[in-house]
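Residues per chain, in single letters:
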Amino acid sequence: MDELIAKIGNDSTLMFTGAISLVVLLFIVLVVVVSSMRVKTYKERFLNVQIDNQEKEKLIAELQKELQVLKIKNAQNEQELQQFAQTKEKLGLTEEALQVSQREANAFEKLQSQTKSKFEHTENMYEKLQSEHKSLQERLESLNEENSKLRVNNARLLMKLETEARFASQLNNRSSEQNGKENS
């Protein structure tokens, strides 16, 4: 019974229905009283109707306030629902962007690892080529030194050959002059 009363007290529709039932019950009681005591009942009826009207006005005012509160609450709920839908949409877009970013990050990591391995390979080749270049440079320097020595040697030999050729040609000239003198 207490649960029913608490339920009626919490539920405005049941309260309204209960109030209407109470009014109907009062009306029936009034009809019975009118038939038994007409004169007295007119006065009481007038007073009861006045009290009922005041109560109904209070009840209507309370119900209107509750209706306003419910309308405000409903508007807030609708706004929250719209915000929730927007948030859900943003979340979906953010998740898609995150997945795209993760795919791009994975691709960049793969590219980075490939580039790193290529760089390491190129670096190793560079070091090998540098050491080879150094050894070739040393060889070139030694060959240049040997070449310059050989040029100097060749120049000396050429000079010797030229002097000997002059000397030989002078000897030939002298001997041909002497032979020409002896023959004459």
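As the structure is a computational prediction, the values presented were derived from the model and not from experiment.

A. Inspection of the overall build of the protein chain at higher detail. A count of helical and extended segments in the protein chain gives three helices and zero strands. Its C-alpha atoms give the protein chain a radius of gyration of 63 Å, clearly above 16 Å, the size a compact globule of 184 residues would have. In terms of principal-axis extent, the alpha carbons of the protein chain reach across some 200 × 30 × 15 Å. Accessible surface computed for the protein chain: about 16900 Å², of which carbon and sulfur atoms make up 58%. Side-chain charges in the protein chain split into 26 positive and 28 negative, and the spacing between the mean points of these groups amounts to 2 Å.

B. The arrangement of the confidence of the model for the protein chain in detail. In this model, the protein chain carries an average pLDDT of 87, and 92% of its residues clear a pLDDT of 70 or more. Taken element by element, the protein chain is modelled with least confidence in helix H1 (residues 2-10), mean pLDDT 75, and with most confidence in helix H3 (residues 38-183), mean pLDDT 89.

C. Layout of the environment of Ser 117. Its location among the elements puts Ser 117 in helix H3. The class for Ser 117 is partly exposed, based on a relative accessible area of 40%. Residues Ser 117 and Ala 105, spaced 12 residues apart in sequence, show a C-alpha to C-alpha distance of 18 Å.

D. Broad picture of the environment of Gln 112. Here Gln 112 is to be found in helix H3. The sequence separation of Gln 112 and Leu 171 amounts to 59 residues, and the corresponding C-alpha distance is 83 Å.

E. Just a nonpolar patch on the surface, in detail. On the surface, Phe 16, Ile 20, Val 24, Phe 27, Ile 28, Val 31 and Val 32 cluster together into a nonpolar patch covering about 610 Å² of accessible area. As for its placement among the helices and strands, Val 31 is situated in helix H2 (residues 12-36).

Basis of the calculations
Residues numbered from 1 in each chain as written. Predicted model: local features only at pLDDT ≥ 70, side-chain atom pairs only at ≥ 80, totals over all residues. Heavy atoms only, no water. Helix = DSSP H or I, 4+ residues; strand = E, 2+ residues; numbered from the N terminus. Rg over C-alpha atoms; globule rule 2.2 N^0.38 Å. Areas by Shrake-Rupley, 256 points an atom, 1.4 Å probe, with all protein chains shown as cover. Lys, Arg positive; Asp, Glu negative; His and termini not counted. Charge placed at Lys NZ, Arg CZ, Asp CG, Glu CD. pLDDT = per-residue confidence, 0-100. Buried < 20%, exposed > 50% of the residue type's maximum accessible area, 1.4 Å probe, protein only. Patch = residues over 30% accessible without salt bridge, like charges linked within 9 Å, V, L, I, M, F, W, Y side chains within 5 Å. Salt bridge = Lys/Arg side-chain N within 4 Å of Asp/Glu carboxyl O.

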